[in-house]
Amino acid sequence: MTPEDQHILVVDDHRDIRESLAQFLRKNGRRATAVEGAEAARKTIKEHRIDLVILDIMMPGEDGLSLCRHIRETNHIPVILLSARGEELDRIIGLEVGADDYVVKPFNPRELLARIDAVLRRTHALPPEAQSQSGEMLRFDRWTLKVAERELVDDDGNAHELSTGEYRLLLTFLQRPKIVLTRDQLLDLAFDRGSDVFDRAVDTQVSRLRRKIEADARLPKLIKTVWGGGYVFTVPVEKL
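Everything numeric in this text was worked out from a predicted model, so none of it was measured.

Caption draft 1: Structural view of helix H2 (residues 38-47). Every buried residue of H2 is listed here: Ala38, Ala41, Thr44 and Ile45. The arc enclosing the buried residues of H2, seen along the axis, measures out at 120°, which places them on a common side. Seen from the open side of H2, the exposed residues pointing more than 90 degrees away from its buried face are Glu39 and Lys46. Buried positions along H2 lie against strand E1 (7-11), strand E2 (31-35), strand E3 (52-56) and helix H3 (64-74).

Caption draft 2: Structural context of the environment of Leu9. With respect to the secondary-structure elements, Leu9 resides in strand E1. Here the alpha-carbon distance between Leu9 and Thr33, two residues 24 residues apart in the chain, equals 4.9 Å. Contacts of Leu9, omitting those with residues within four sequence positions, involve Thr33, Val35, Ala41, Thr44, Ile45, Ile50, Leu52, Val53 and Ile54.

Caption draft 3: Structural detail: the pattern of salt bridges. One pass over the full model with this rule turns up 15 salt bridges. Between Arg18 and Glu36 there is a salt bridge, with the nearest N and O atoms lying 4.0 Å from each other. Taken together, the positions of Arg18 in helix H1 (residues 15-27) and Glu36 in the loop between E2 and H2 put the pair 18 residues apart, joining distant regions of the chain. The salt bridge partner of Arg30 is Asp117, with a shortest N-O separation of 2.7 Å. Remark: Asp117 occurs in helix H5 (residues 109-125) and Arg30 occurs in the loop between H1 and E2; sequence separation between them is 87 residues. Here Arg30 falls in the buried class, since its relative accessible area comes to 9%. A cluster of three or more residues bridged by salt bridges with shared partners is formed by Asp12, Asp56 and Lys105.

Caption draft 4: Representation of unusual backbone geometry in the model. Residue Pro106 is reached from Lys105 by a cis peptide bond, and omega for that bond is -10°. Its place among the elements puts Pro106 in the loop between strand E5 (101-104) and H5. Phi is positive for Arg150, which is not a glycine, with a value near 55°. Even without being a glycine, Lys178 presents a positive backbone phi close to 65°. Structurally, Lys178 can be placed in the loop between helix H6 (164-175) and helix H7 (183-191). Note on Lys178: relative accessible area 55%, which makes it exposed.

Reading the values: the criteria
Residues numbered from 1 in each chain as written. Predicted model: local features only at pLDDT ≥ 70, side-chain atom pairs only at ≥ 80, totals over all residues. Heavy atoms only, no water. Buried < 20%, exposed > 50% of the residue type's maximum accessible area, 1.4 Å probe, protein only. Helix = DSSP H or I, 4+ residues; strand = E, 2+ residues; numbered from the N terminus. Arc of directions from axis to C-beta. Contact = heavy atoms within 4.5 Å. Salt bridge = Lys/Arg side-chain N within 4 Å of Asp/Glu carboxyl O.

Written out as structure tokens, the structure reads:
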């Protein structure tokens, strides 16, 4: 994606900040739209193609964390959070709700621009997912994943509970069968991280998921480890 193709949405209740940042982005060849709150942001995202959202956390009404969570649950638009609070816990919380990066105010606009480009490069380098609908069911081996219900059902009709992390990891594999995914790619696809805090999350969740879907988790046949590479989901996936 070239800079002139980027449409960036700036969401901040402080007019001076959002307008000056939007102006800076336009001067640097990006298309930028600036809005003051979550309601306007939701409307803009619904009506336009947005490539990245720059989102202030502390806003009246619906705050940035809630809006970030909504964006992550409904589409794959990357989000960079802005906050006047720079404590490590605040950054972790922001990344856990789905942000791709976290920038502390006051910030250098050129550093933010570099972070925008880095996030977009990483996002567009990820393997594409198979086209899917939220209401579909995905069939593999002896299992069916009901996507909308987030329910995993075996051949006997028994439902098996999945944690949020297990569900997102499984869905990521089912959307990209027989493609080797590195740990970094899985962190971005299934965990939406931008922080080393989650470096061990993939291996932990893979182990938990294997215990639920493999006939023998010690000898996995569905999710195989690619030494030096990551993991690959080995069996065909059928859409029902």
